[in-house]
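# Tertiary structure, described
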Amino acid sequence: MAVFSAMDCTSKFLAASYHPIMVTWSRQLIQLLLLAPLILWVGPAKCLRSNALGLQVLRGLLLFGSTVCFVSGLAELPLAEASAIGFVAPVFTTALSIP
């Protein structure tokens, strides 16, 4: 949890000076660099194999878009409010999915 808080705090700090897309790109690049040793240890072919490559690419693009929206929100909202909205979002999604 401390790593997520540190990422959010750093993103809020950077969003004041840089565009949210640049902050998101940097954030995800750092995550890739941190995961690279694990991917190389397990084997890239095994880690990156997928039966539905198109859906995986779509999932990645949607994750990037949602992170851009979150970083944009961090630039405007206090950190506690943005985090609370992020944590409550699955509850709203579940509540709105009931017919």
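As shown above, the structure is provided for reference.
Residues numbered from 1 in each chain as written. Predicted model: local features only at pLDDT ≥ 70, side-chain atom pairs only at ≥ 80, totals over all residues. Heavy atoms only, no water.

## Considering the overall build of the chain
As a reminder, the rule being used: In DSSP terms, a helix is any run of H or I states spanning at least four residues, a strand is any run of E spanning at least two, and both are numbered starting from the N terminus. All radius of gyration figures rest on C-alpha atoms, and the globule criterion is 2.2 Å times the number of residues raised to 0.38. Accessibility here uses a 1.4 Å probe with only protein chains present; expressed as a share of the type maximum, an area under 20% marks a residue as buried, one over 50% as exposed, and anything in between as partly exposed. Methods summary: accessible areas were calculated by the Shrake-Rupley approach with a probe of 1.4 Å, and residue burial reflects only the protein chains presented.
In terms of regular secondary structure, the chain is built from 5 helices and 0 strands. Helices (α) and strands (β) of the chain occur, in sequence order from the N terminus, as α-α-α-α-α. Its C-alpha radius of gyration of 16 Å places the chain more than 25% over the 13 Å reference for a compact globule of 99 residues. For the C-alpha atoms alone, the extent of the chain along its principal axes is close to 40 × 40 × 25 Å. Residues classed as buried in the chain amount to 15% of the 99 residues present. Element-wise, carbon and sulfur atoms account for 75% of the exposed surface of the chain, whose accessible area totals about 7800 Å².

## Concerning the packing of helix H2 (residues 20-42) against helix H4 (residues 53-76)
Operational definition: Lines fitted to C-alpha atoms define the axes, with helix axes restricted to the stretch in contact, and inter-axis angles between N-to-C directions lie between 0 and 180 degrees. In this scheme, roughly parallel covers angles under 35 degrees and roughly antiparallel covers those over 145, while 65 to 115 is roughly perpendicular and the rest are oblique. Left-handed describes a crossing whose near helix is turned anticlockwise from the far helix through less than a right angle; right-handed describes the clockwise counterpart. The contact criterion used throughout is that any non-hydrogen atoms of two residues lie within 4.5 Å.
As a packed pair, H2 and H4 sit with axes 9 Å apart at the nearest point and diverge in direction by 120°. As far as their axial angle goes, H4 and H2 are oblique. Here H2 runs over H4; the crossing is right-handed. Facing H2, whose interface residues are Pro20, Ile21, Val23, Thr24, Trp25, Arg27 and Gln28, H4 presents Leu63, Phe64, Thr67, Val68, Phe70, Val71 and Ser72.

## Brief notes about H4
Where we set the bar: Multiplying one less than the number of residues by 1.5 Å gives the expected span of a helix.
Taking 1.5 Å as the rise per residue, H4 with 24 residues should run 34 Å; its terminal C-alpha atoms sit 35 Å apart, in good agreement. Those residues of H4 hidden inside the fold are in contact with helix H1 (2-15), H2 and helix H5 (79-97).

## Re the side chain of Arg27
Put simply, the rule is: Side-chain atoms alone can form a polar contact between residues adjacent in sequence; in general such a contact is a pair of N or O atoms within 3.5 Å, and within protein one must be able to donate a hydrogen while the other accepts it.
For Arg27, the position within the fold is in helix H2. Of the polar contacts made by the side chain of Arg27, one reaches the side chain of Asp8; its length is 3.3 Å. Polar contacts involving the side chain of Arg27 include one to the side chain of Ser11, which spans 3.2 Å. Ignoring any residue separated from it by four or fewer positions in sequence, one finds Arg27 in contact with Met7, Asp8, Ser11, Thr67, Phe70 and Val71.

## Considering the environment of Leu62
The topology assignment puts Leu62 in helix H4. Accessibility expressed as a relative area gives 56% for Leu62, which makes it exposed. Measuring from C-alpha to C-alpha, the distance between Leu62 and Ser50 comes to 17 Å, with 12 residues separating the pair along the chain.

## Here's the deal with the environment of Cys9
Inspection of the secondary structure assignment puts Cys9 in helix H1. Along the sequence, Cys9 and Val91 sit 82 residues apart, while their C-alpha atoms lie 24 Å from each other.

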